[in-house]
Amino acid sequence: MGVHKRSNWRVYHLNTELQLEQTFDEVVDAIAGPGIGIFPRFLDTTRVAALRRDFAALTPWQLTPAGIGRDQAHHTNERIRTDKTRWLEGDSPAQRDYLALMAALQRQMNRQLFMGLKDYECHYARYDEGDFYKKHLDAFRGRGNRRVTTVVYLNEDWRDHDGGELLVYAEKGKEVLHRVRPEAGTLVCFLSEQFPHEVLPARRARLSIAGWFRIDDPVAPAVLL
Ligand code: OGA
Ligand code: MN
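Residues numbered from 1 in each chain as written. Chains lettered and ligands numbered in written order. Predicted model: local features only at pLDDT ≥ 70, side-chain atom pairs only at ≥ 80, totals over all residues. Heavy atoms only, no water.

### Considering the pattern of salt bridges
According to the stated counting rule, one finds 11 salt bridges in the structure shown. Measuring nitrogen to oxygen at the nearest pair gives 2.9 Å for the salt bridge that ties aspartate 160 to arginine 181. Highlighted residues: aspartate 160 in the loop between β6 (146-153) and β7 (166-169) and arginine 181 in the loop between β8 (176-180) and β9 (187-191), separated in sequence by 21 residues. Put simply, Asp119, Glu121, Arg146 and Arg214 are held in one network by salt bridges that share partners. (Salt bridge = Lys/Arg side-chain N within 4 Å of Asp/Glu carboxyl O. Helix = DSSP H or I, 4+ residues; strand = E, 2+ residues; numbered from the N terminus.)

### Observations regarding the layout of surface pockets
If you add up the space inside the largest pocket, you get close to 370 Å³. Contributing to the lining of the largest pocket are 20 residues, with Gln19, Arg41, Phe42, Leu43 and Asp44 lying nearest its centre. Taken together, the elements giving at least two residues each to the lining of the largest pocket come down to α1 (2-32) and α2 (45-56). The biggest single contributor to the lining of the largest pocket is α1, with seven residues. For the lining of the largest pocket, the class distribution of residues is eight nonpolar, six polar and six charged. (1 Å grid on protein atoms, 1.4 Å probe; cavity = no way out; pocket = protein on both sides within 12 Å on 5 of 7 lines; lining within 4 Å. Points joined across faces, edges and corners; volume = space filled by probe spheres on them. Nonpolar A, V, L, I, M, F, W, Y, C, P; charged D, E, K, R; others polar.)

### Quick look at α2
Here α2 is 12 residues long and its end C-alpha atoms lie 16 Å apart, about the 16 Å a rise of 1.5 Å per residue gives. Among all positions of α2, only Arg47, Val48, Leu51, Asp54 and Phe55 are buried. Buried residues of α2 fall within an arc of 130° about the axis and therefore sit on the same side. Exposed residues lying more than 90 degrees from the buried face of α2 are Thr45, Arg53 and Ala56. Between a side-chain oxygen at the N-terminus of α2 and the backbone nitrogen of threonine 46 the separation is 3.1 Å; the capping residue is aspartate 44. (Expected span 1.5 Å × (residues − 1). Buried < 20%, exposed > 50% of the residue type's maximum accessible area, 1.4 Å probe, protein only. Arc of directions from axis to C-beta. Polar contact = N/O pair within 3.5 Å; in protein donor to acceptor, adjacent residues only side chain to side chain.)

### Regarding the coordination of the manganese ion (ligand 2)
The protein atoms that coordinate the manganese ion (ligand 2) are His136 (NE2), Asp138 (OD) and His197 (NE2), at distances of 2.1 to 2.2 Å. On the basis of relative accessible area, aspartate 138 is assigned to the buried category, the value being 3%. (Donors = N, O, S within 2.8 Å, 3.2 Å for Na, K, Ca; no water.)

### Quick word on the packing of α2 against helix α3 (residues 93-113)
Viewed as axis vectors pointing N to C, α2 and α3 meet at an angle of 125°, and their least axial separation amounts to 9 Å. Relative to α3, α2 is oriented oblique. The hand of the α2/α3 crossing is left-handed. The residues of α3 that touch α2, namely those facing Arg47, Ala50, Leu51 and Asp54, are Ala94, Gln95, Asp97, Tyr98 and Leu101. Within the contact of α2 with α3, the residues separate by chemical class into five nonpolar, one polar and three charged. (Axes fitted to C-alpha atoms, helices over the stretch in contact; angles between N-to-C directions. Parallel < 35°, antiparallel > 145°, perpendicular 65-115°, else oblique. Left-handed = near helix turned anticlockwise from the far one by under 90°. Contact = heavy atoms within 4.5 Å.)

### Some points on the packing of aromatic side chains
Counted according to the given criterion, the structure contains five aromatic pairs. On the basis of an interplanar angle of 20° and a centroid distance of 4.4 Å, the ring pair of phenylalanine 55 and tyrosine 124 is categorised as stacked. With phenylalanine 55 in helix α2 and tyrosine 124 in strand β4 (residues 119-127), this residue pair connects regions lying 69 residues apart in the sequence. When sorted by exposure, phenylalanine 55 lands in the same class as tyrosine 124, which is buried. Above the ring of tryptophan 212, the side-chain terminus of arginine 146 is found at 3.8 Å from the ring centroid. A cation sits over an aromatic face here: arginine 206 above tyrosine 127, 4.8 Å from the ring centre. (Phe/Tyr/Trp six-rings, centres within 6.5 Å; stacked < 30°, edge-to-face > 60°. Lys NZ or Arg CZ within 6 Å of the ring centre and 35° of its normal.)

### Structural notes on the pairing of strand β3 (residues 84-87)
The two faces of a sheet get side chains in turn, since along a regular strand they alternate between them. Only one face of β3 is buried, namely the one carrying Thr85 and Trp87, since none of Lys84 and Arg86 on the opposite face is buried. With two bridges joining them, strand β2 (residues 64-65) and β3 adopt antiparallel strand pairing. Along β3, the bridge assignment pairs threonine 64 with threonine 85. Bridging between β3 and β4 involves four bridges; their strand directions are antiparallel. Within β4, the position partnered with arginine 86 by the bridge is tyrosine 124. (Pairing = 2+ DSSP bridges.)

This is how it looks when you write it as structure tokens:
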């Protein structure tokens, strides 16, 4: 019985890992093509649950108003964004698993697209009721070292009236290309210099992990448009 259960689990686990590899291929295609892709169920429910628990275990003082942190030139500006963040440093199994996953994605992008990505940084972000992040770019063309943005969401059963959608705009102009519901497991991945985006005010707590694959060390601040 125990053996049976375990082998079932193994098959299940293998399946989800295989699905992940397929999704990695799709992410690579999206980055090489339109430069953006949206992948529902990128994270399985087990991973989402582990990350949610890990996030929930943070004490209030471990979360800082967004913009404070690694980058000295980057200061809080409540007119631009009001979320609270915490960098992932690999402090827990859930964080290490997530970072390993993104490292694998980084290797695949480098192998197939020769992007020369050197590292990945990411933070948990919590938007409480009313919190937002206005239209911005994650990197300046030619100046930023952030090449590829990733955002994954950790929110179960997100409804339309919960707000908090991510709007992604065309490179130039006001046209909305994508309106993304921050539903648990969904990954949004795009070229950091190319797509202005914003987070509409959330009407309930909204949890995400925003991250950036970088080509070099110094951090380029986000740019308000
Ligand atoms: C960011 C960002 C989007 C989101 O942190 O730079 O744009 O949907 N986040 O959380
Ligand atoms: Mn952004």
